[in-house]
Amino acid sequence: MADEALFLLLHSEMVAGLYRAAEQGEGENGRCTTKLESMGFRVGQGLIERFTKDTARFKDELDIMKFICKDFWTTVFKKQIDNLRTNHQGIYVLQDNKFRLLTQMSAGKQYLEHAPKYLAFTCGLIRGGLSNLGIKSIVTAEVSSMPACKFQVMIQKM
């Protein structure tokens, strides 16, 4: 339980610190999101490396996405993704109805505009994990009502 609290606090401080620095003129807001996403990408690569070292090879793309939704998400966020949808053409939607990094904020609409900056790290986390499993992707996040969010993963065909 203590490690979960530390992760939530660290993530919150990373976001606040980057945006605070941008407000003081050390960077611009668009770069903060990119920087958070890059940090998540590197962490995702490292975590997937550790989590899959004793795992059998995956059969296909869908198998990898199921691993991300079940095992990877459970290890990082202490729960599975609530819903995984796909169009079987390289687009997957991962839905988390009670996303941990947003539960600390109010469930009202007033903080909805701040939600994307708290999702950039996780987009990078997913993209980094998939990258280390040999899948190049674009990951975007969307919040319509707090603390639920959807991550859209578009697989880049090579």
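Just so it is clear, the structure is predicted and the values come from calculations on it, not from any experiment. (Residues numbered from 1 in each chain as written. Predicted model: local features only at pLDDT ≥ 70, side-chain atom pairs only at ≥ 80, totals over all residues. Heavy atoms only, no water.)

1. A look at the sheet that holds strand β4 (residues 149-155)
The strand order across the open sheet built from four strands is β1-β2-β4-β3, with neighbouring strands paired in antiparallel fashion. The sheet is open, and its two edges are formed by β1 (83-86) and β3 (137-142), each paired on a single side. On average, each strand axis in the sheet is tilted by 15° relative to the strand beside it, whichever way the strands run. Alignment of strand β2 (residues 91-96) against β4, held across six bridges, turns out to be antiparallel. In the sheet register, I91 faces β4, and the bridge partner there is M154. (Pairing = 2+ DSSP bridges. Helix = DSSP H or I, 4+ residues; strand = E, 2+ residues; numbered from the N terminus. Axes fitted to C-alpha atoms, helices over the stretch in contact; angles between N-to-C directions.)

2. Considerations on the environment of Y92
Among the secondary structure elements, Y92 is positioned in strand β2. With a relative accessible area of 4%, Y92 lands in the buried category. Setting aside residues up to four positions removed in sequence, Y92 forms contacts with E61, L62, M65, L84, R85, T86, F151, Q152, V153 and I155. Within polar-contact distance, the side chain of Y92 engages the side chain of E61 at 3.0 Å. (Buried < 20%, exposed > 50% of the residue type's maximum accessible area, 1.4 Å probe, protein only. Contact = heavy atoms within 4.5 Å. Polar contact = N/O pair within 3.5 Å; in protein donor to acceptor, adjacent residues only side chain to side chain.)

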